[in-house]
Amino acid sequence: MILSIIGGFIPGLVWSILYILLNKKYFLNHWKRILLLFLLGGIGSYFCYRLEMHYGSYFKKVKDSNYFEILFYAIFGVAIFEEGYKWFLTVLSNFFNKNNNGKNIFCDALFVSIGFSTLENILFYAIPYGFVSGIIRIYSAFLSHISCGLLMGYFLLRGSRNNRFRKGLFWCLGLVIPILNHAMYNSFLYGGMYQEYFIYYYIITVIIVLVFSYYFYKERI
């Protein structure tokens, strides 16, 4: 059990260290805030899992669905809960941040996402399936969650730098784009005849992570 928990935690630790190194100043000045958002993000993974288990039963089975039905399920049965929670927590934390300078929200969105994927990995993959199952998701599910966190942070950051109308537009995009990105990733990951196309969207996910990680570095505080 302990070894499995360690295996589930390691990917989150590795990705956290990477982004801390890319923005050491912010982490050193706000480590308590980052840790809190990481933990709250993790807690959200359990509640989202319960919602997905409940509402997932209303959708057709994946094996009996065409691609658009699978995508519909991926959006409204999974991604809307997970990315919606991350977005809500990030935006809420922004309102309570007295030292907000705009750039903080990018870091907040990213670490909420890493925290979410870390506890998800421990509870639903590493503990049931073992140490190795927890470790190997470092380059699969974690990559997807991080791409969503980076996209969310980018659009929320753009919104924080604009007037009321454009701010609302970018903040909506900060929710909608990660939901669609998450759903597209999942739609090809699920079993069936469309799974063979997963590698193509995986490559897109890698590109998103590389491009927006560079932007994250350039916008470091």
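None of the values given here were measured: they were computed from a predicted structure.

Conventions adopted
Residues numbered from 1 in each chain as written. Predicted model: local features only at pLDDT ≥ 70, side-chain atom pairs only at ≥ 80, totals over all residues. Heavy atoms only, no water. Helix = DSSP H or I, 4+ residues; strand = E, 2+ residues; numbered from the N terminus. Rg over C-alpha atoms; globule rule 2.2 N^0.38 Å. Areas by Shrake-Rupley, 256 points an atom, 1.4 Å probe, with all protein chains shown as cover. Lys, Arg positive; Asp, Glu negative; His and termini not counted. Charge placed at Lys NZ, Arg CZ, Asp CG, Glu CD. Phe/Tyr/Trp six-rings, centres within 6.5 Å; stacked < 30°, edge-to-face > 60°. Buried < 20%, exposed > 50% of the residue type's maximum accessible area, 1.4 Å probe, protein only. Lys NZ or Arg CZ within 6 Å of the ring centre and 35° of its normal. Axes fitted to C-alpha atoms, helices over the stretch in contact; angles between N-to-C directions. Parallel < 35°, antiparallel > 145°, perpendicular 65-115°, else oblique. Left-handed = near helix turned anticlockwise from the far one by under 90°. Nonpolar A, V, L, I, M, F, W, Y, C, P; charged D, E, K, R; others polar. Expected span 1.5 Å × (residues − 1). Bend = angle between axes of the 7 residues up to and from the residue. Contact = heavy atoms within 4.5 Å. Salt bridge = Lys/Arg side-chain N within 4 Å of Asp/Glu carboxyl O. Core = buried A, V, L, I, M, F, W, Y, C linked by side-chain atoms within 4.5 Å.

### Topic: the overall build of the protein chain
Across its full length, the protein chain holds eight helices and zero strands. The C-alpha radius of gyration of the protein chain comes to 17 Å, within 12% of the 17 Å expected for a compact globule of 221 residues. Principal-axis analysis of the C-alpha atoms gives the protein chain an extent of 50 × 45 × 30 Å. Here the protein chain displays about 11500 Å² of accessible surface, and carbon together with sulfur accounts for 70% of that area. Taken together, the 19 basic and 9 acidic charged side chains of the protein chain have centroids lying 15 Å from each other.

### Notes on the packing of aromatic side chains
Taken as a whole and assessed by the stated rule, the structure comprises 23 aromatic pairs. Consider the rings of Tyr 67 and Phe 188, whose centres lie 5.1 Å apart with planes at 20°: the pair is stacked. Of this pair, Tyr 67 sits in helix H3 (residues 67-95) while Phe 188 sits in helix H7 (residues 164-189), and the two are 121 residues apart along the sequence. A relative accessible area of 13% places Tyr 67 in the buried class. Among the aromatic residues, those joined into a cluster by ring pairs are Trp 15, Tyr 19, Phe 106, Tyr 154, Phe 155, Phe 170, Phe 212, Tyr 215 and Phe 216. The cationic tip of Arg 137 hangs over the ring face of Tyr 125; the distance from NZ or CZ to the ring centre is 3.5 Å. Here the basic side chain of Lys 167 rests over the ring of Trp 171, its NZ or CZ set 5.0 Å away from the ring centre.

### Quick word on the packing of helix H2 (residues 24-55) against helix H4 (residues 104-129)
For the pair H2 and H4, the least separation of the axes is 6 Å and the interaxial angle reads 45°. What the angle tells us is that H2 and H4 run oblique. Crossing of H2 over H4 shows right-handed handedness. Its residues assigned to classes, the contact of H2 with H4 shows 15 nonpolar, seven polar and three charged.

### Remarks on H2
With 32 residues, H2 ought to run about 46 Å at 1.5 Å a step, yet its terminal C-alpha atoms sit only 40 Å apart, falling short of that. The sharpest bend along H2 reaches about 90° and sits at His 30. The complete set of buried residues in H2 reads Tyr 26, His 30, Arg 33, Ile 34, Leu 37, Phe 38, Gly 41, Gly 42, Gly 44, Ser 45, Cys 48 and Glu 52.

### Here's the deal with the packing of helix H1 (residues 2-22) against H4
Viewed as axis vectors pointing N to C, H1 and H4 meet at an angle of 165°, and their least axial separation amounts to 7 Å. With respect to H4, the axis of H1 lies roughly antiparallel. Crossing handedness for the pair H1 and H4: right-handed. Contacts between H1 and H4 pair Ser 4, Ile 5, Gly 7, Gly 8, Phe 9, Pro 11, Gly 12, Trp 15, Ser 16, Tyr 19 and Ile 20 from the former with Leu 110, Phe 111, Ile 114, Thr 118, Asn 121, Ile 122, Ala 126 and Ile 127 from the latter. Per-class residue counts for the contact of H1 with H4 are twelve nonpolar, seven polar and no charged.

### Here we look at the pattern of salt bridges
Opposite charge on two side chains permits pairing when their charged atoms draw close. Summed over all chains, the structure comprises six salt bridges. Measuring nitrogen to oxygen at the nearest pair gives 3.4 Å for the salt bridge that ties Lys 63 to Asp 64. Take Asp 64: its relative accessible area is 44%, and that puts it in the partly exposed class.

### Side note on the nonpolar core
Residues Trp 15, Tyr 19, Leu 110, Ile 114, Ile 146, Leu 150 and Phe 216 are the most contacted members of the largest nonpolar core, which totals 47 residues. Broken down by secondary-structure element, the contributors of at least two residues to this core are H1, H2, H3, H4, helix H6 (141-160), H7 and helix H8 (198-218). For this core, the element with the highest residue contribution is H6, accounting for ten residues. Residues within four places of Leu 150 in sequence aside, it is in contact with Tyr 19, Phe 106, Leu 110, Val 209, Phe 212, Ser 213 and Phe 216.

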